[in-house]
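Chain by chain, the residues run as shown.
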Amino acid sequence: MAGIIIVGTQWGDEGKGKATDQLGERVDFVVRYSGGNNAGHTVVVGGETYALHLLPSGILNPNCVPVIGNGVVIDLGVLCAEIDGLAARGVRADQVLISANAHVITPYHRVIDRVTERFLGKRKIGTTGRGVGPAYADKVNRMGIRIQDLFDESILRQKIAAALEQKNALLVKVYNRPAITVDEVYDELMTYAPRIQPMMADVATVLNDALDAGRTVLFEGAQAHHLDVDFGTYPYVTSSSPIAAGACTGSGVGPTRIDRIIGIAKAYTTRVGEGPFPGELLDDTGEALRRAGAEYGTTTGRPRRCGWFDALVVRQAARVNALTDVFLTKLDVLTGWDKVPVVVAYDVNGVRLDAMPMTQTELHHATPVYEYMDGWTEDISSARTFADLPANTQAYVKRLEDLVGVRISGIGVGPGREQTVMVHDLL
Ligand code: IMP
């Protein structure tokens, strides 16, 4: 049996899709367990680029069953469009299994996400505006709509009406927006429900049975540790649990069934949206990294904020997620620098901290302390073994490994599926 979790160690966009896809050929099930279509995974297969938002990246491997767990919030229109988009390019995607307990993003969640951000003004979170946060809020508030509700008209109408009583008061009285009708919401959901019905499944049972039968299940994290609602830079976080523990609550598989937890770390750091980022480079260097790494959001197209590798950020994720391995991505982006700085500590009001501070106030006042590694100019994109890497690149990787405290088992040296250096097998 093998239960494997892939989790982001920074603020998302670490290139998790590539790592998942790498393993996907050897796994039987790939599971999304948190988030919604706020995620953006770019996978390049055979020279073709696929941008996925809701479906697990494993969809691109025909022998792998893609699964959407109960921890995910689903915009049905986006899901169907993604399935159709893949089908148009010859990728069969209708074999996806969707948990009956997953929640649905409705039109009122999307509207509320956007108007709330506008209302917050300077205090905005910088959400993706997809309705993800409001859908999770309703889930916890016990007024959400689940996939299974789509197939009971009377229950569905009652639930929509109850939710709209509250949402319309908010939209009309607080935000000065038009009210939404029950029919509008019902009709949108019904446009897609017939397509969703054959995909609905008891995902917890399917996955536990699969593990019992010795199959391999890969849990694919979206977002990342530092966007986690509990462990991230709250309130500048997403509204779910992208950390490894979330794979269990978001799918119905218990912790003892997990064998490997692979943290994905970009060889530098990026973040989209608002929130503290001590190593952020607001100068030409940041711009150069953004250009070299094509750091623009897959989901919203926003330019990503960039900085050098922050060892405190990834080490914290390594501990809370109990990582067994790290997969380092986009190392090729760092080619050509004379020196490659690494954040090894923070200075908080004159005090050196070797780990992330306990409080957000301290984090807001943290400035990075750098160690400067020698750079390399050689093209590393065709390296396939660790020995193929130049000596300075090897030294950089080894240093990150020491700082993070977890072995680096895989290294991405280019966007293609094959552009990977494997150091230790991930399965
Ligand atoms: P939300 O998830 O749309 O509510 O946005 C909350 C925060 O999480 C914002 O800062 C988003 O930019 C960030 N976020 C959400 N999903 C992703 C992702 O997949 N990658 C990077 N950042 C994300």
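Residues numbered from 1 in each chain as written. Predicted model: local features only at pLDDT ≥ 70, side-chain atom pairs only at ≥ 80, totals over all residues. Heavy atoms only, no water.

What to know about the sheet that holds strand 1 (residues 2–8)
Selection criterion: Strands pair, by our definition, only if DSSP identifies at least two bridges between them. Put simply, DSSP marks the helices as runs of H or I at least four residues long and the strands as runs of E at least two long, and each gets a number from the N terminus on.
Spatially, 9-7-5-2-10-1-11-15-19-20 is the arrangement adopted by the 10 strands of the open sheet, whose pairing is mixed. Pairing within the sheet leaves two strands with one partner each, and these edge strands are strand 9 (200–201) and strand 20 (420–422). Two strands pair when backbone bridges link them, and strand 15 (residues 325–329) and strand 19 (residues 408–412) are joined in this way by three bridges, in the parallel orientation. In the strand pairing of strand 19, V326 is matched with I408.

Examining the site of the ligand
Applicable threshold: Residue proximity to a molecule or strand is established when one non-hydrogen atom of the residue lies within 4 Å of it. Here a polar contact means two N or O atoms within 3.5 Å. Within protein one must be a hydrogen donor candidate and the other an acceptor candidate, and residues neighboring in sequence count only if both atoms are side-chain atoms. Accessible surface area values rest on a Shrake-Rupley calculation with a 1.4 Å probe, where residue burial reflects the displayed protein chains alone. Side-chain classes are defined by residue name, with Ala, Val, Leu, Ile, Met, Phe, Trp, Tyr, Cys and Pro counting as nonpolar, Asp, Glu, Lys and Arg as charged, and the others, Gly among them, as polar.
As a matter of local geometry, the ligand sits amid 17 residues, with N38, T128, Q223, T238 and R302 nearest to it. D13 is positioned with one of its side-chain polar atoms (N or O) 3.2 Å from a nitrogen atom of the ligand. Here an oxygen atom of the ligand and a backbone polar atom of V272 are 3.3 Å apart. Burial of the ligand by the surrounding chains reaches 97%, relative to a free accessible area of 470 Å². Residue classes in the shell around the ligand are distributed as six nonpolar, nine polar and two charged.

Details of the nonpolar core
Put simply, the rule is: Here, the term nonpolar core denotes a set of buried Ala, Val, Leu, Ile, Met, Phe, Trp, Tyr and Cys residues that are joined through side-chain atoms within 4.5 Å. When accessible area is computed with a 1.4 Å probe and restricted to protein chains, residues below 20% of their type maximum are described as buried, those above 50% as exposed, and intermediate ones as partly exposed. Domain limits in this description derive from either an automatic procedure or a database domain assignment. Here, residues are in contact when the closest pair of their heavy atoms is within 4.5 Å.
F219, F309, L331, L334, Y346 and Y396 are the most contacted members of the largest nonpolar core, which has 67 residues in total. Ranked by residues supplied to this core, first place goes to strand 16 (residues 339–348) with six residues. Counting contributing residues per domain, this core is built from domain 1 (3–98 + 199–262) and domain 3 (265–422), each supplying no fewer than three. Excluding anything up to four places from it in sequence, L331 contacts A267, W376, I380, T393, Y396, V397, I411 and G412. Membership of the second largest hydrophobic core comes to 42 residues, among which are I83, V104, I180 and I196.

Structural notes on the pairing of strand 3 (residues 41–45)
Extensive coverage of strand 3 is indicated by the burial of four of its five residues. As paired strands, strand 3 and strand 4 (residues 48–52) are joined by five bridges and run antiparallel to one another. Each bridged residue has a counterpart across the sheet, and for V45 the counterpart in strand 4 is E48. Hairpin connection from strand 3 to strand 4: two residues lie between these consecutive antiparallel strands, with G46 at a positive phi of about 55 degrees.

Some remarks on the pattern of salt bridges
Using the following cut-off: For this analysis, a salt bridge means a side-chain nitrogen from Lys or Arg found within 4 Å of a carboxyl oxygen belonging to Asp or Glu.
What the rule picks out here adds up to 26 salt bridges. Counted as one network, the salt bridges with shared partners bring together D13, K266, E295, R304 and K330.

Considerations on the domain arrangement of the protein
Applicable threshold: Two parts placed together each lose some accessible area under a 1.4 Å probe, and the buried area is that loss summed for both.
According to the domain assignment, the protein consists of domain 1 (3–98 + 199–262), domain 2 (103–196) and domain 3 (265–422). Relative to domain 3, the C-alpha centre of domain 1 lies at a distance of 23 Å. Each side of the interface is counted separately: domain 1 has 38 residues, and domain 3 has 40 residues. Counting each side, the surface lost to burial between domain 1 and domain 3 is near 3100 Å², with a carbon and sulfur contribution of 55%. On the domain 1 side of the interface with domain 3, the three residues burying the most area are Q10, W11 and K18, jointly 23% of the side's total. Taken together, the connections running from domain 1 to domain 3 amount to two salt bridges. The salt bridge involving D325 is made with R260; its shortest N-O contact spans 3.0 Å. The interface formed by domain 1 and domain 3 contains 16 residue pairs in polar contact (both at pLDDT 80 or more). Of all the secondary structure elements, the ones that give two or more residues to the side of domain 1 that touches domain 3 are helix 1 (16–24), strand 3 and strand 11 (260–266). Grouping the amino acids of the side of domain 1 that touches domain 3 by side-chain chemistry returns 16 nonpolar, 15 polar and seven charged.

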